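# Coordinates in review
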Amino acid sequence: MIHQDSKVLLEVSGLCANVNGTEILKGLNLTVRSGEIHAIMGPNGSGKSTFSKILAGHSAYEVTGGTVMFEGQDLLELAPEERARAGVFLAFQYPIEIPGVGNSQFLRLTYNTVQTHRGKEELDPLEFDDFVREKMKLLEMSPDFLERSVNEGFSGGEKKRNEILQMAMLDPRLAILDETDSGLDIDALRVVAGGVNQLANKDNAIVLVTHYQRLLNYIVPDYVHVMEAGRIIKTGGKELALELESRGYDWVGVEHKAAMGAQA
Amino acid sequence: MSASATVNASYLENLLAGQPHLPASPLAWLNALRAEAVDRVGALTVPTLRDEEWRFTDISMLTKMSFHPVRTTISLQVADIERFYIEEATTRLVFVDGVYAPQLSSAATDHGISVLNLEAGFAAHAAAIEPYLGRLTEFHNNVFAALNTAFLHDTALIVVPRDISVKVPVHLLFIATQKDVVSYPRCLILAESGSAVTVIEDYVSLQEDAYFTNAVTEIALVDNARVNHIRVQREGAKAFHIANCAVSVARASNYQSVSVAFGARISRYNLNVKLAEGAECAVDGLALISGRQLADTHTCIDHAKPQAISNQMHKCIVGGSAHAVFNGKVMVRQDAQRTDSKQSNRNLLLTSKAHVDTKPQLEIFADDVKCTHGATIGQLDDEEVFYLQSRGLSDTAARNMLTYAFGAEIIERIPISSLKYQLEQTVLEQTSAQL
Ligand SMILES: Nc1ncnc2c1ncn2[C@@H]1O[C@H](COP(=O)(O)OP(=O)(O)O)[C@@H](O)[C@H]1O
Ligand SMILES: [Mg+2]
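These numbers come from a predicted model, not from an experiment.

### Some words on unusual backbone geometry
Residues and elements named next belong to chain B. For aspartate 97, which is not glycine, the phi dihedral falls at a positive 50°. Position of aspartate 97 relative to the elements: it lies in the loop between strand E2 (91-96) and strand E3 (99-100). The residue glutamine 307 is not glycine, and still its phi comes out positive at about 60°. Note on glutamine 307: relative accessible area 41%, which makes it partly exposed.

### Thoughts on the packing of aromatic side chains
All names here are of chain B. Considering all chains together, one arrives at 15 aromatic pairs over all chains under this definition. One aromatic cluster in this structure is built from Trp54, Phe67, Phe144, Phe212 and Phe240. When the ring centre of phenylalanine 406 is taken as origin, the NZ or CZ atom of lysine 315, which lies over that ring, is 4.2 Å away.

### Notes on the site of ligand 1
All names here are of chain A. In the neighbourhood of ligand 1, the contacting residues comprise Val19, Asn20, Ile24, Pro43, Asn44, Gly45, Ser46, Gly47, Lys48, Ser49, Thr50 and Tyr61. Backbone polar atom of serine 46 to an oxygen atom of ligand 1: 3.3 Å apart, as the coordinates give it. The separation between an oxygen atom of ligand 1 and a polar side-chain atom of threonine 50 is 2.5 Å. Summarising the interface, the protein chains cover 60% of the accessible area of ligand 1, which totals 560 Å² for the free molecule. Per element, the largest residue contribution to the shell around ligand 1 is 3 residues, and it comes from helix H1 (residues 48-56). Broken down by class, the residue content of the shell around ligand 1 amounts to 4 nonpolar, 7 polar and 1 charged.

### Some details on the interface of chain A and chain B
The interface is formed by 31 residues belonging to chain A together with 19 residues belonging to chain B. Between chain A and chain B the total buried area reaches about 2,000 Å² when both faces are included, carbon and sulfur atoms providing 66% of it. For glutamate 163 of chain A, the salt bridge is made with arginine 391 of chain B, and the minimal N-O distance between the two is 2.7 Å. Between the two partners, chain A and chain B, sit 8 residue pairs in polar contact (both at pLDDT 80 or more). The biggest single contributor to the side of chain A that touches chain B is helix H3 (residues 103-117) of chain A, with 6 residues. Looking at the side of chain A that touches chain B residue by residue, the class counts come to 16 nonpolar, 9 polar and 6 charged.

### Digging into the domain arrangement of chain B
Residue and element names in this part refer to chain B. The domains assigned to chain B are domain 1 (3-276) and domain 2 (383-435). Measuring from the centre of the C-alpha atoms in domain 1 to the corresponding centre in domain 2 gives 31 Å. On the side of domain 2, 13 residues touch domain 1, which itself brings 15 residues to the contact. Where domain 1 abuts domain 2, roughly 1,100 Å² becomes buried across the two surfaces, and 74% of that area is made up of carbon and sulfur atoms. If you sort the residues of domain 1 by the area they bury against domain 2, Glu88, Val258 and Phe262 come out on top, with a joint share of 42%. At the junction of domain 1 with domain 2, the criterion picks out 0 salt bridges. On inspection of domain 1 and its partner domain 2, the count reaches 3 residue pairs in polar contact (both at pLDDT 80 or more). Element by element, the count of residues in the side of domain 1 that touches domain 2 is highest for strand E11 (residues 226-233), at 3 residues. In terms of residue class, the side of domain 1 that touches domain 2 is made up of 9 nonpolar, 2 polar and 4 charged.

### What to know about the layout of surface pockets
Residue and element names in this part refer to chain B. Computed from the structure, the largest pocket encloses a volume of approximately 820 Å³. Looking at the largest pocket, it is lined by 34 residues, and the ones nearest its centre are Glu53, Glu138, Asn141, Asn142 and Asn272. Of all elements in the fold, only helix H6 (143-150), strand E12 (240-249), strand E14 (266-275), strand E16 (294-303) and strand E18 (323-332) reach the threshold of two or more residues within the lining of the largest pocket. Of the residues belonging to the lining of the largest pocket, the class tally is 14 nonpolar, 11 polar and 9 charged.

### Considerations on empty space enclosed by the protein
To find leftover empty space, a probe the size of one water molecule is rolled over the atoms. Residue and element names in this part refer to chain B. Evaluated as defined, the whole model comprises 5 cavities of 30 Å³ or more. Approximately 110 Å³ is the volume attributed to the largest cavity. Secondary-structure elements contributing two or more residues to the lining of the largest cavity are E11, strand E13 (254-261), E14, strand E15 (280-289) and E16. Here the lining of the largest cavity is built from residues that sort into 5 nonpolar, 6 polar and 3 charged. Its volume calculated, the second largest cavity comes out at about 80 Å³. Secondary-structure elements contributing two or more residues to the lining of the second largest cavity are strand E6 (170-176), strand E7 (181-183), strand E9 (196-205) and strand E10 (212-221). Looking at the lining of the second largest cavity residue by residue, the class counts come to 9 nonpolar, 3 polar and 2 charged.

### As for the side chain of glutamate 424 of chain B
Relative to the helices and strands, glutamate 424 of chain B is located in helix H9 (residues 417-434). Although glutamate 424 of chain B is buried, it forms no salt bridge, and the closest oppositely charged side chain is lysine 420 of chain B at an N-O distance of 5.7 Å.

### Description of helix H6 (residues 156-170) of chain A
Residues spaced three or four apart along an α-helix face the same direction, because each turn holds 3.6 residues. Residue and element names in this part refer to chain A. The end-to-end C-alpha separation of H6 is 21 Å, in line with the 21 Å expected for 15 residues at 1.5 Å each. With 13 of its 15 residues buried, H6 lies for the most part within the structure. Positive phi appears at aspartate 171, one or two residues downstream of H6, with a value of about 50°.

### Regarding H6 of chain B
A large share of H6 of chain B lies buried, amounting to 8 of its 8 residues. Every buried residue of H6 of chain B is listed here: Val143, Phe144, Ala145, Ala146, Leu147, Asn148, Thr149 and Ala150 of chain B.

### Comments concerning the coordination of the magnesium ion (ligand 2)
Of the protein atoms, only Ser49 of chain A (OG) and Gln93 of chain A (OE1) coordinate the magnesium ion (ligand 2), at distances of 2.1 to 2.5 Å. With a gap of 44 residues between them, serine 49 of chain A in helix H1 and glutamine 93 of chain A in the loop between strand E6 (88-91) and strand E7 (98-102) connect regions that are remote in the sequence.

Criteria and cut-off values
- Residues numbered from 1 in each chain as written.
- Chains lettered and ligands numbered in written order.
- Predicted model: local features only at pLDDT ≥ 70, side-chain atom pairs only at ≥ 80, totals over all residues.
- Heavy atoms only, no water.
- Helix = DSSP H or I, 4+ residues; strand = E, 2+ residues; numbered from the N terminus.
- Buried < 20%, exposed > 50% of the residue type's maximum accessible area, 1.4 Å probe, protein only.
- Phe/Tyr/Trp six-rings, centres within 6.5 Å; stacked < 30°, edge-to-face > 60°.
- Lys NZ or Arg CZ within 6 Å of the ring centre and 35° of its normal.
- Near = heavy atom within 4 Å.
- Polar contact = N/O pair within 3.5 Å; in protein donor to acceptor, adjacent residues only side chain to side chain.
- Areas by Shrake-Rupley, 256 points an atom, 1.4 Å probe, with all protein chains shown as cover.
- Nonpolar A, V, L, I, M, F, W, Y, C, P; charged D, E, K, R; others polar.
- Contact = heavy atoms within 4.5 Å.
- Buried area = accessible area lost by both parts, 1.4 Å probe.
- Salt bridge = Lys/Arg side-chain N within 4 Å of Asp/Glu carboxyl O.
- Domains from an automatic or database assignment.
- 1 Å grid on protein atoms, 1.4 Å probe; cavity = no way out; pocket = protein on both sides within 12 Å on 5 of 7 lines; lining within 4 Å.
- Points joined across faces, edges and corners; volume = space filled by probe spheres on them.
- Lys, Arg positive; Asp, Glu negative; His and termini not counted.
- Expected span 1.5 Å × (residues − 1).
- Donors = N, O, S within 2.8 Å, 3.2 Å for Na, K, Ca; no water.

Written out as structure tokens, the structure reads:
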């Protein structure tokens, strides 16, 4: 929901970043206010995951220019775990498997760690069990997933649900969902989207990264951004997603070049 | 004779010195077996780095020290050793420095199963065990197995009769209490046709000085039997541990083994499993070492007959300047059509000085087989560490968790909850101490 007077959560300006010496992000600007849902769309390889991981603090990416402010503090100064504790959450495109660590053990450890750093109460195993089962209902997940190792042998869709379950538990201010829709069949998509919608409120913000319009039928964005070659080259409302769906991405690039040419 | 061979020979003579004091057995074949083993010790030499089977494992340190068989056994109380007990395993044989300790043991002959020291088992089982004792282990070309056989006396004997499935796990507890002592633990497990049993072979220490454990275990599964074999090597930090285990898995039998090695300055475990038609085995292992430890695991899975299945996952977590060795041979003989064999060896190096030598060895002489194998050596995956950090865990907590998980994947396969819990705690302590 757009409220012009709501406060800015994330302010990215002129962000440039390299990986292994190759420039991937080339001056990215984005402002996200609390209560808003943003969609970042763009062709494969345009840098969407790179941007997501930079926000979460991945060390493989070297920021070479620009700034990222999160609730008034310099996000780039923080270690990944400090960002998580401050309320940044990334749902991964490819969640890892951790054979040997029980999912409930993992969820409880992360939950309690984050709670402690936020000055809140930890939950003991029994309390946590009630808490997490409640959250699992939101995603129609069977409690069996608590007994298994983290993501081990989970289908693509189950891994994505487990990601959103973590989002539900950790209660982030800013959630970045990287291709959460990929690998989901239509029923799973509806469930996951329903969960995300319930988690969205006026104090947090969600950035959906996707290259399909499909997800946006279920989670309606306030803004749609088009990313190309490491930049956001167009921003519009939810109708832009439909236009991208029918016309593809090429015209946006052409229009952008023309506009840049006119400026020069 | 070269100087090194002389040292070698006198070293073995020295080790053999205690042998003549063994009381003769009432069984002629057993006395003959020992005599044969003494002969073999005379003919063999202690392996060096020049032996292909020992090329990564330098045991010269062992040969520079002198060990003697135990002279007087220390009498232990239950309170001294209770902490090693495994809740579920109420049938227990305890050996102190290799000597059977009846007052600490709860031998069983109920439910049809016999768990007792060899001497007590002669009367009832002499005929049954004769084909296996000293026959499954190839001591003729293995000096350590020959030494153990030369000293064959106290022996954990488990005989599970036909069609008996034993619910209570059996705990074989070998406790080292004295320095400079060499002990020769010996186990024989005979699972008759259609029987099932779970056995924990456990090596622990009450002291931290150097000693030498030279163990031999023989396991025979007759048709349709099932044996769960859990081996825990948690010897003292300065111990030498050399062990040979030979398993014969007859038709349609199933051998499941998990072996973990945490202790000893230098350890070597040879496991040979021979599979008959339609037999199955899972052979999993974990070596978790640090400091200057060396842990060497040599396994050989021999698909001798058609349609057997073998699964193996061996992992090493190596910290400090420790050294892990894995040599995993899978042999598929000409006759062994429709063999299904999977082997995986994964190694985690926690420091730049940690070191692993791994050598998977596939020898396939049949054509209709499914065999996969793979080995990896690496550090923790940065993407995995990042994933956990992105959930609020510190870098250290993330690394601890992943290292723990790496080991826990093997520990989880142990079908006894309290032991599993105990060992998970050990892995947790060890892995957080290392980082
Ligand atoms: N770790 C990396 N090493 C090298 N190149 C990378 C790495 N990560 C991403 N890239 C490259 O950066 C570009 C953007 O990738 P990515 O951010 O994954 O795009 P998207 O998520 O939009 O599909 C691609 O050309 C990709 O190959
Ligand atoms: Mg991507």
